Every structure is written in C-alpha cells, then in structure tokens.
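Observations on chain architecture
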Amino acid sequence: MVNVDKRLTLEQALPSIIKLQEKKRNATMHKNEKARNYYTCNDTSIKNLGFIDFTDVEYRLNYSEDNYEDIEIDDNSFDINLIINSLEDITINSFMISGETNLNKLNDYLKEKLNVLNLDDKEHEGDFYNLQIGFNKSLSFQDYISIKSKLMHFKNERTVINKIEQIF
C-alpha cells in the first residue's frame, strides 16, 4: 500500500511511484506474482479509507502523440479520449463525440455520450469503447484520486479503461 501526500501534484508524485513500480516488476527474489499495489486514500463517497489498485497502470510522463506508437490498436475498439485538466475541466472527444463536463457529472455524461455510439447492433458485435485518459501534470494527487475513484464506479459492460495513463 502506498500513501501519497494529497497536496503533491502528479508531476511531483509520479516519478517516485514509477520507480516503485519498476522495482517491483524487475524484482527477482521474493517476488509475489499475486501481490497488488494500492493507493490508500480518503474515499469521500463512502466517508472512509479507500483503496485504489494501480498495479497494472502504466504512467506515461510528458505526453506527446509519439507516446501512442507502441500501444496496440484493437480493430474492435472505439477510442475515446478523456482529457482531465482539473475537476471542473474535463474534455471528452473521439471521432464521433465531443464535449466538456466536470467531476460531479462525469459518469452520467459518459453514459449519455456513449449511448450516441450504439454498439448494440449486429454490425458492432464484439466492439467496445477504449477510454484513454490524459491527466494534467499540475493536478493534485487528491484530485487524481477523486477522478480514479469516480471512474471505478463507472459501469458500462462495453467500456474498457485503458491501463496506460498519459500525463501532460
């Protein structure tokens, strides 16, 4: 379990977290394949201590278009970019939908926008939404945790939240 000072920005916190992840992934002795990494946080939705699994998250610092070169593209996925500058400034865009929202309305807004792209017909059988997330490096770690917590509660059987998170 990792406890990060909520006042730090992503730019300040993530280099140490990435080093911790690399150390764990490259360990040869005492390696436990079933062990998971969790952030401990104050989960305001349940007013209690919460845990967010980040074992499989890959952080990409200094986002640029080149950072997507080694990401495998699935022919069945509809990529949707979620760009998070702050809790009040969240942009959603793809080739068919775009718009802006805030944290409080995020899940409802995503559901509404994804309903526009109807994947329930036979032509789109097996297709899914690939939600790619980019975070502003100036975002506080507490705001990052708030967004991750909100997205953990987003339910859509045809949506996958990409494990690669871009930091710009």
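For the protein chain, the count of helices and strands is 3 helices and 8 strands. Counted from the first residue to the last, the protein chain has its helices and strands arranged as α-β-β-β-β-β-β-α-β-α-β. Expressed as a percentage of its 168 residues, the buried residues of the protein chain come to 43%. Sequence separation of at least 24 residues holds for 63% of the intrachain contacts in the protein chain that already meet a minimum separation of 6.

Let us look at the packing of aromatic side chains. This model, assessed by the stated rule, comprises 6 aromatic pairs. Between Tyr39 and Phe54 the ring centres are 3.9 Å apart and the planes differ by 10 degrees, which places this aromatic pair in the stacked class. Placement of Tyr39 in strand β1 (residues 38–43) and of Phe54 in the loop between β2 (48–53) and β3 (58–60) is noted, with a sequence separation of 15 residues between them. By relative accessible area, which is 1% here, Tyr39 ends up buried. Taking 6.4 Å as the distance between ring centres and 85 degrees as the angle between the ring planes, the aromatic pair formed by Tyr39 and Tyr144 counts as edge-to-face. In this pair, Tyr39 is assigned in strand β1 and Tyr144 in helix α3 (residues 141–152), connecting sequence segments 105 residues apart. With respect to burial, Tyr39 and Tyr144 carry one shared label: buried. An aromatic cluster is defined as three or more aromatic residues linked by ring pairs; in this entry it consists of Tyr39, Phe54, Tyr59, Phe135, Phe141 and Tyr144.

Here we come to the nonpolar core. Residues Ile17, Tyr39, Tyr59, Leu82, Phe135, Phe141 and Tyr144 are the most contacted members of the largest nonpolar core, which totals 37 residues. Ignoring anything within four residues of it in the chain, the contact list for Tyr39 reads Val2, Val4, Leu14, Ile17, Gly50, Phe51, Ile52, Phe54, Tyr59, Phe141, Tyr144 and Ile145.

Our focus in this paragraph is a nonpolar patch on the surface. On the surface, Met1, Leu49 and Phe51 cluster together into a nonpolar patch covering about 350 Å² of accessible area. Within the secondary structure, Met1 sits in the segment before α1 (10–25). With a relative accessible area of 72%, Met1 lands in the exposed category.

Turning next to the sheet that holds strand β4 (residues 77–86). Strand order in this open sheet of 6 strands is β3-β8-β7-β4-β5-β6, and the pairing throughout is mixed. Each having just a single partner strand, β3 and β6 (98–101) make up the two edges of the open sheet. Neighbour-to-neighbour, the strand axes of the sheet open up by a mean angle of 25 degrees, direction not taken into account. Note: β4 against strand β7 (residues 128–135), 8 bridges, orientation parallel. Paired with Ile84 across the two strands is Phe135, which belongs to β7. Across the face of the sheet, α1 comes into contact with β3, β7 and β8 (159–167) while running at roughly 135 degrees to β3. Each of β4, β5 (89–93), β6, β7 and β8 is contacted by helix α2 (residues 106–116), which is oriented at about 165 degrees to β6, the strand it contacts most.

The next subject is the pattern of salt bridges. Here the structure, examined in full by the defined rule, presents 6 salt bridges. One salt bridge connects Lys137 with Glu11, and the closest N-O pair in it is separated by 3.9 Å. A residue pair is termed long-range when its members are at least 10 positions apart, and Lys137 in the loop between β7 and α3 and Glu11 in helix α1 qualify at 126 residues. For Glu11, a relative accessible area of 47% corresponds to the partly exposed category. Glu58 is paired through a salt bridge with Arg60; the nearest N and O atoms lie 2.7 Å apart. Through salt bridges with shared partners, a single network forms among Arg36, Asp53 and Asp56.

The rules we used
- For every chain, the first residue of its written sequence is number 1, and the numbers climb from 1 along that sequence.
- Only residues with pLDDT of at least 70 are given local features in this predicted model, and only at 80 or more are side-chain atom pairs given and counted; all residues enter the totals for whole chains, interfaces and linings.
- Calculated side-chain values reflect all of the structure's heavy atoms, with hydrogen atoms and water omitted.
- Per the convention used, a helix needs a DSSP run of H or I reaching at least four residues, while a strand needs a run of E reaching at least two, with both numbered from the N terminus.
- Summary of the burial criterion: residues with accessible area below 20% of their type's maximum are buried, those above 50% are exposed, and those between are partly exposed, where the area comes from a 1.4 Å probe applied to protein chains only.
- Residues are treated as being in contact if the distance between any of their heavy atoms lies within 4.5 Å.
- Here is the rule: rings of Phe, Tyr and Trp (six-membered ring for Trp) pair when centre to centre is within 6.5 Å. Planes less than 30 degrees apart are stacked, more than 60 are edge-to-face, and the remainder are tilted.
- The criterion is simple. A nonpolar core is a set of buried Ala, Val, Leu, Ile, Met, Phe, Trp, Tyr and Cys residues joined through side-chain atoms within 4.5 Å.
- Every patch collects residues that have over 30% relative accessible area and no salt bridge, joining them within 9 Å if they carry like charges and within 5 Å if they are nonpolar side chains (Val, Leu, Ile, Met, Phe, Trp, Tyr).
- To be clear on the numbers: accessible area is Shrake-Rupley with a 1.4 Å probe, and residue cover counts the displayed protein chains and nothing else.
- By salt bridge we mean one thing: a side-chain nitrogen of Lys or Arg within 4 Å of a carboxyl oxygen of Asp or Glu.
- Pairing between strands requires that DSSP locate at least two bridges from one strand to the other.
- Helix axes are fitted to C-alpha atoms over the stretch in contact, other axes to C-alpha atoms as well, and angles between N-to-C directions run from 0 to 180 degrees.

It is worth stressing that arrangement in space is one thing and function is another; only the former is reported here.
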